[in-house]
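Listed below, chain by chain, are the residues.
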Amino acid sequence: MINKSYCEPKRPTVAQTNVSVAATSTSVLAANSSRSFLLLQNISDTDIYFRFGDDATTSSFLLVANGGSWESPGLVCPTAAINAIHASTGTKALAVLEG
C-alpha cells in the first residue's frame, strides 16, 4: 500500500498582502524558515526591484510595471527576508502571496 501523505505535495496556507514600496529599500517580508511558496507581483505603474536577504537596489531583480511577477520555482523557495525598491516618487504597490 502506498502512503498517500508522502506522495501528495504540501498544500500551504497562503496569505496575501499588498506592500507599499518606497524609493528607498522597503521590507516586504521578514525571514520565514517555514515559507514554501512565494509570489511577488508588481501592481503599480513603475518598475520595482527586489532582493533576498539584503537591501534592494535598482540593480536587484526586476519586476516590470503593470503585472511583472516572480514565483518561487518548483521545490525551491527562498526563506530569507525580502526587500524592494523603486526609482520613482511616492509609494508603489506590490502584491505578495506567501505560504
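Calculation rules
- Residues numbered from 1 in each chain as written.
- Predicted model: local features only at pLDDT ≥ 70, side-chain atom pairs only at ≥ 80, totals over all residues.
- Heavy atoms only, no water.
- Helix = DSSP H or I, 4+ residues; strand = E, 2+ residues; numbered from the N terminus.
- Buried < 20%, exposed > 50% of the residue type's maximum accessible area, 1.4 Å probe, protein only.
- Pairing = 2+ DSSP bridges.
- Axes fitted to C-alpha atoms, helices over the stretch in contact; angles between N-to-C directions.
- Polar contact = N/O pair within 3.5 Å; in protein donor to acceptor, adjacent residues only side chain to side chain.
- Contact = heavy atoms within 4.5 Å.

A. Spotlight on unusual backbone geometry. Of note, N66 is a non-glycine position whose phi angle comes to about 60°, a positive value. By the secondary structure assignment, N66 is in the loop between β5 (61-63) and β6 (69-71). Classification of N66 by relative accessible area gives exposed; the value is 63%.

B. Quick peek at the sheet that holds β5. Strand order in this open sheet of four strands is β2-β7-β4-β5, and the pairing throughout is antiparallel. Whereas interior strands pair on both sides, the edge strands pair on one side only; in this sheet they are β2 (26-29) and β5. For this sheet the average axis-to-axis angle between neighbouring strands, irrespective of direction, equals 35°.

C. Layout of the side chain of N83. By the element assignment, N83 lies in strand β7 (residues 82-86). Accessibility expressed as a relative area gives 11% for N83, which makes it buried. One polar contact links the side chain of N83 to the main-chain carbonyl oxygen of D54, over a distance of 2.8 Å. Apart from residues no more than four positions distant in its own chain, N83 is found in contact with S25, T26, S27, V28, Y49, F50, R51, D54, D55 and A56.

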